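Fold and geometry: a report
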Number of protein chains: 2
Amino acid sequence: MDIFEHGLAEREQVMDFVIIGGDAAGMSAASRAKRTLPDLNVTVFEKTMDVSYSACGMPYNIADPNRRIEDLVVRDASAFRAKQNINLLTGHCVERIDPAAKSLGGRSRDGKGFEFSYDKLLVATGASPVVPDLPGFDLPGVVVLKSLDDGRKIKDFLRINAVRRVVIIGMGYIALEMAEALRARDIDVDLVKPRPVFLPWLEEQMALVVRKEVESNGVNLFLGHKIERIEKSGDRLKIVCPNLTLEGDMVLAAVGVTPNSKLARRAGIKLGIKNSIAVDKALRTSNENIFAAGDCADVFHIVTGQKTWIPLGLRANRAGWAVADNVCGNEIELPGIVGTAVFKVFDLEVARTGLNRQEAEKAGFDPTEVMIKTRSRAHGHPGSSNIWLQMIGERKSGRLLGVQMVGKEGVAHRINAPAVALHGHMTVEQFSQSDLAYAPPFSPVWDPLLTTANQLLKRF
Amino acid sequence: MDIFEHGLAEREQVMDFVIIGGDAAGMSAASRAKRTLPDLNVTVFEKTMDVSYSACGMPYNIADPNRRIEDLVVRDASAFRAKQNINLLTGHCVERIDPAAKSLGGRSRDGKGFEFSYDKLLVATGASPVVPDLPGFDLPGVVVLKSLDDGRKIKDFLRINAVRRVVIIGMGYIALEMAEALRARDIDVDLVKPRPVFLPWLEEQMALVVRKEVESNGVNLFLGHKIERIEKSGDRLKIVCPNLTLEGDMVLAAVGVTPNSKLARRAGIKLGIKNSIAVDKALRTSNENIFAAGDCADVFHIVTGQKTWIPLGLRANRAGWAVADNVCGNEIELPGIVGTAVFKVFDLEVARTGLNRQEAEKAGFDPTEVMIKTRSRAHGHPGSSNIWLQMIGERKSGRLLGVQMVGKEGVAHRINAPAVALHGHMTVEQFSQSDLAYAPPFSPVWDPLLTTANQLLKRF
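Everything numeric in this text was worked out from a predicted model, so none of it was measured.

The subject of this paragraph is the relation of the copies chain B and chain A. A rotation about an axis combined with a shift along that same axis relates the two copies of the chain. Once chain B has been moved 0.0 Å along the axis and rotated by 180°, it coincides with chain A to within an RMSD of 0.0 Å. Viewed as a symmetry operation, the transformation between the two copies matches a two-fold axis. It is Ala417 of chain B whose C-alpha, among those of chain B, lies nearest the rotation axis, at 2.1 Å. Interface overlap between copies: 100% of the residues of chain B at the interface are likewise at the interface in chain A, consistent with a symmetric, same-surface contact.

Let us look at the sheet that holds strand E7 (residues 120–123) of chain A. Residues and elements named next belong to chain A. Judged by pairing direction, the sheet is parallel, and its five strands sit side by side in the order E3-E2-E1-E7-E18 without closing on themselves. In this open sheet, the two strands that pair with only one neighbour each are strand E3 (87–90) and strand E18 (290–292). Within this sheet the neighbouring strands show an average axis-to-axis angle of 15°, counted without direction. Its contacts with the sheet put helix H8 (residues 313–327) on strand E1 (16–20), E7 and E18, and the angle it makes with E18 is roughly 160°.

A word on the packing of aromatic side chains. One pair of aromatic rings is described through two measures. These are the centre distance and the angle between the planes. Residue and element names in this part refer to chain A. Going through the model one piece at a time under the given rule, you end up with eight aromatic pairs over all chains. Residues Phe45 and Phe114 carry aromatic rings whose centres are separated by 4.8 Å and whose planes lie at 5° to one another, so their mutual orientation is stacked. Taken together, the residues span a long stretch of sequence, with Phe45 in strand E2 (residues 41–46) and Phe114 in strand E6 (residues 113–117) at a distance of 69 residues. Of the residues examined, Phe114 reaches a relative accessible area of 13% and is grouped as buried.

Turning next to the sheet that holds strand E14 (residues 236–241) of chain B. Residue and element names in this part refer to chain B. In spatial order, the strands read E13-E14-E15; together these three strands make up an open sheet with antiparallel pairing. At either margin of the open sheet sits one strand with a lone partner, and together these are strand E13 (229–233) and strand E15 (244–248). Looking at each pair of strands side by side, their axes are set apart by 25° on average, direction ignored. Sheet analysis places E13 next to E14, joined by five bridges and oriented antiparallel. Directly across from Ile230, in E14, lies its bridge partner Ile239.

Of the residues lining the interface, 60 residues belong to chain B; the matching set on chain A comes to 60 residues. At the boundary of chain B with chain A, total buried surface from both sides reaches about 5,200 Å², with 66% on carbon and sulfur atoms. It is His413, Asp435 and Phe442 of chain B in chain B that bury the most area against chain A; as a group they hold 15% of the surface buried on that side. Applying the counting criterion to the chain B and chain A interface returns zero salt bridges. Here chain B and chain A share 24 residue pairs in polar contact (both at pLDDT 80 or more) between them. Taken together, the elements giving at least two residues each to the side of chain B that touches chain A come down to helix H8 (313–327), strand E21 (341–345), helix H10 (416–423), helix H11 (428–432) and helix H12 (448–457) of chain B.

Two elements in contact, helix H10 (residues 416–423) of chain A and H10 of chain B, have axes separated by 7 Å at closest approach and are oriented at 25°. It follows from the interaxial angle that H10 of chain A and H10 of chain B lie roughly parallel. Both H10 of chain A and H10 of chain B take part in a crossing whose hand is right-handed. Contact residues: H10 of chain A offers Asn416, Ala417, Val420 and Ala421 of chain A, while H10 of chain B offers Asn416, Ala417, Val420 and Ala421 of chain B.

All names here are of chain A. Most of strand E11 (residues 188–193) is tucked away, with five of its six residues classed as buried. Crossover connection from strand E10 (residues 165–169) via helix H5 (residues 173–184) to parallel E11: handedness right-handed. Handedness of the crossover joining E11 and strand E12 (residues 219–223) through helix H6 (residues 204–216): right-handed.

Before going further, it helps to spend a moment on the pattern of salt bridges. Residues and elements named next belong to chain A. A complete count under the given rule lists 54 salt bridges over all chains for this structure. For Lys344, the salt bridge is made with Glu180, and the minimal N-O distance between the two is 2.7 Å. One end of the pair, Lys344, is in strand E21 (residues 341–345); the other, Glu180, is in helix H5, with 164 residues separating them in the sequence. On the basis of relative accessibility, which here comes to 21%, the residue Lys344 falls in the partly exposed class. By relative accessible area, which is 15% here, Glu180 ends up buried.

Once that is clear, we can look at the state of the cysteines. For the coordinates displayed, the defined rule picks out zero disulfides over all chains. Cysteine Cys56 of chain A remains unbridged, with the sulfur of Cys296 of chain A as its closest cysteine sulfur at 16 Å. The exposure class of Cys56 of chain A is partly exposed, given its relative accessible area of 31%. Left unpaired, Cys328 of chain B is separated from the closest cysteine sulfur, that of Cys296 of chain B, by 19 Å. The exposure class of Cys328 of chain B is buried, given its relative accessible area of 11%.

Residues and elements named next belong to chain A. A rise of 1.5 Å per residue sets the reference length of H6, with its 13 residues, at 18 Å; its end C-alpha atoms lie 18 Å apart and thus fit the reference within 8%. Among all positions of H6, only Met206, Ala207, Val209, Val210, Glu213 and Val214 are buried. The buried residues of H6 occupy an angular sector of 155° when projected down its axis, which confines them to one face. Turned more than 90 degrees from where H6 packs its buried face, Glu204, Lys212 and Ser216 sit exposed. Gly218 sits one or two positions beyond H6 and adopts a positive phi of about 80°.

In this section: unusual backbone geometry. Look at Asn275 of chain A: it is not a glycine, yet its phi comes out positive at around 65°. Among the secondary structure elements, Asn275 of chain A is positioned in the loop between helix H7 (262–266) and E18.

Procedures and definitions
- Counting of residues starts from 1 at the beginning of each chain's written sequence and follows it residue by residue.
- Each chain is given a letter, starting from A, and each ligand a number, starting from 1, according to the order in which they appear as written.
- Side-chain atom pairs in this predicted model are given and counted only at pLDDT of 80 or more, local residue features only at pLDDT of at least 70, and totals for whole chains, interfaces and linings cover all residues.
- The side-chain values count all of the structure's non-hydrogen atoms but skip hydrogen atoms and water molecules.
- Superposition of the copies was done by least squares, using only C-alpha atoms of residues whose pLDDT is at least 70 in both.
- Any pair of residues with heavy atoms lying within 4.5 Å of one another is described as a contacting pair.
- Pairs of strands are assigned from DSSP output, requiring at least two bridges between the strands.
- Secondary structure is summarised from DSSP: a helix means a run of H or I of at least four residues, a strand means a run of E of at least two, and numbering begins at the N terminus for each.
- Angular values range over 0 to 180 degrees, each being the angle between N-to-C directions of two axes fitted as lines to C-alpha atoms, with helices fitted over their stretch in contact.
- Planes of paired rings set the category: under 30 degrees apart is stacked, over 60 is edge-to-face and the rest tilted, where pairs are Phe, Tyr or Trp rings (Trp by its six-membered ring) whose centres lie within 6.5 Å.
- Under the scheme applied here, a residue whose accessible area is under 20% of the maximum for its type counts as buried, over 50% as exposed, and between as partly exposed, the area being computed with a 1.4 Å probe on protein chains only.
- The buried area of a pairing is the accessible area, by a 1.4 Å probe, that goes missing from both parts when the two are put together, added over both.
- By salt bridge we mean one thing: a side-chain nitrogen of Lys or Arg within 4 Å of a carboxyl oxygen of Asp or Glu.
- Polar contact is defined as a pair of N or O atoms within 3.5 Å, subject to the rule that within protein one atom must be able to donate a hydrogen and the other to accept it, and that residues adjacent in sequence are counted only when both atoms are side-chain atoms.
- For this classification, under 35 degrees means roughly parallel, over 145 means roughly antiparallel, 65 to 115 means roughly perpendicular, and everything else is oblique.
- Each crossing gets its hand from how the near helix is turned against the far one by less than a right angle, where anticlockwise is left-handed and clockwise is right-handed.
- Clockwise travel from the first strand over the helix to the second, with the strands pointing away from the viewer, marks a crossover as right-handed.
- We call a pair of cysteine sulfur atoms a disulfide whenever their separation is within 2.5 Å.
- Expected helix span is computed as 1.5 Å times (number of residues minus one).
- What the arc describes is the spread of directions from the helix axis to the C-beta atoms.

Set out below in structure tokens:
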């Protein structure tokens, strides 16, 4: 599918492949392009000094004062330069793209301007944490967590200051992972957000299970409190809401991320959902010589067939590879995502794939669903714990639409079976016939997924 | 598909549904039939006194002297009788079926003969452990493990006797699970078998990983020793091989199981692979009024399209349900299995789905495969361990044929993703595009399954 109708790409000779952004999508594209065509000139402009690190690992690293944030670096800049012969320019911020001239320009950390021309360009500018436009969010001690540098700042702040309490604004998975990380350092944690519902995308009873787990680990949750401002209060910071005031030594704003698409938009490139850069399945933007990949770009959702925007690491890596393949002449299209995600919070694993009820309705399906609570291991097997599952299907076609799961064990990997079923457009009935693994330490003879599917079948 | 060409079944009125065998397949058929048609007369003949127990849980129960073997009973006989109004006759051994008269006969424990007629019959006679036809296998202290009564005998033997060493003949998953169970009770364990290869169905390097795990837990493995006989040796038992003699206080024969199909064969019912009862996808035997399900019956393998015989619990339960549905007039066909299996041995999880190389070649595929060793968690995440994967695909079509996995964590449930892919006849390329869950505590950003698929793609 070529949503921009560039026509068939001629196999022209690409000499200069230029990439803006040296994170997951950018560096995986650079590496793969160099492996495929060693003679290709590959240049990466990265505005920070860090490339190729495990961003998702930061909360776990912050949890442990004895680990260095640099332990998260998978490959440092010099290795990309020396071993792979990639022209990696860190500390280089691209400020403009001129698609007509196939060139770009910007400024490096030492203040020098630069100009560069490309044959093919990849915009892999990622996403940025949303910082509310409210008074006090620029105060020292108010932090965000997205880049390695953000993680470094938080770790430094915790090392230098006597932090006894942190207020986190937001209750998404980064907020929850950070709550756990800070509790591991014996720091008190308050979480506050304007919306009244905890994990609104998760089935109500399952969200309550997660909420209890968070609260039983000494984290205070304040829902339905609109934040008005942050104020200095002696050595501390005060978060002011109409009917609530919270105080902490540090404030983490974790209210979500937004795609870094301004550079592309200014160059006349078409944006899509939630201001992300619109790409086709070959990762091409509305300009045939410019690709976009990773958190700055949109993606097809296989279940809805519509575009969506979900910033996740696997998708970024995969898209980076696909861009490299297309630049190198090995035409490839990515089918898209099914919306699989997992996070750990204290002793719970929380996972989802596909659509929840609201998303299914919004996409025009007529959904029906079941929620069950069962056990993680076989009858009578020691160490068994509760596991909750919700499964959603389309009433008319019987098609599987989505699964959610919460439990202490066997959740994170279990979600991958229905994820593959969604890729295969399976019905709930087909999925219910899956030959899933059984041994007493790992599941009941009917895996909880099958029990849920069997229950859902009765609703059709 | 109706391999026996009975033609379309008329929806006749079934009054008497009779089941031979009160284990997984039999009792799940009985329960489901009663739920669907409460007026149906459902009679179950079970030769032992035990029904509905977790047979696979026995090694774990035996591991713990403080647990009663009866803890494995999911539902006792009286509950089936009182709550479900199932005519459950334990201690009743069926000795003959007369398909022409639609009747059966046998003898109960008290020596009385019985005769019974049926409209529809389910043969769910299960499988029996193979006992080698060699001298000494009938000595006291030589045990097998299949029925709850076998488990009871082993537990009683261990309680009454001062068992310091057990010799297990065989090295399949029951042998290995029992080795672990006995080591947990601080009993020395020797495993001996005639064939020279440890876990021959598993990729060689991966089998070596499992072997090292078993040996490092103090279990002695003796491969390539043909057993000649068992002898009494004072209070102990002596296992005599041409170049080896082992001594133990107990001997467990765990050399495999064989389907209990003699009763069906004598009634003129067609047998299939490995002497199991041949059934079509509706679980009908060569006699249109007689079904077979569970360990006594064969099954379609979705990957090969051929019949196979794999005695596993999920398949038995599922087949029992399908028989009930067909008896009750809700015609259903089961697609079959993909050969998924998992077991735990000490700290390792071992799993497989689909075909291994030998099976793929035998089935007429032209297979190619990769084996990789990677890590169970994200780069730099604490608690990560090694994980080994093998993936097999068909060279010409690129179709996924099978996956094997060994590791300390994330193996048992991870195998279900490729299992679903096999149900969907996916190619390795399609599977490699799966949107699998990622968070640092659970996997690298590219799940080991995806890394393996990406490597295998290079072989096509």
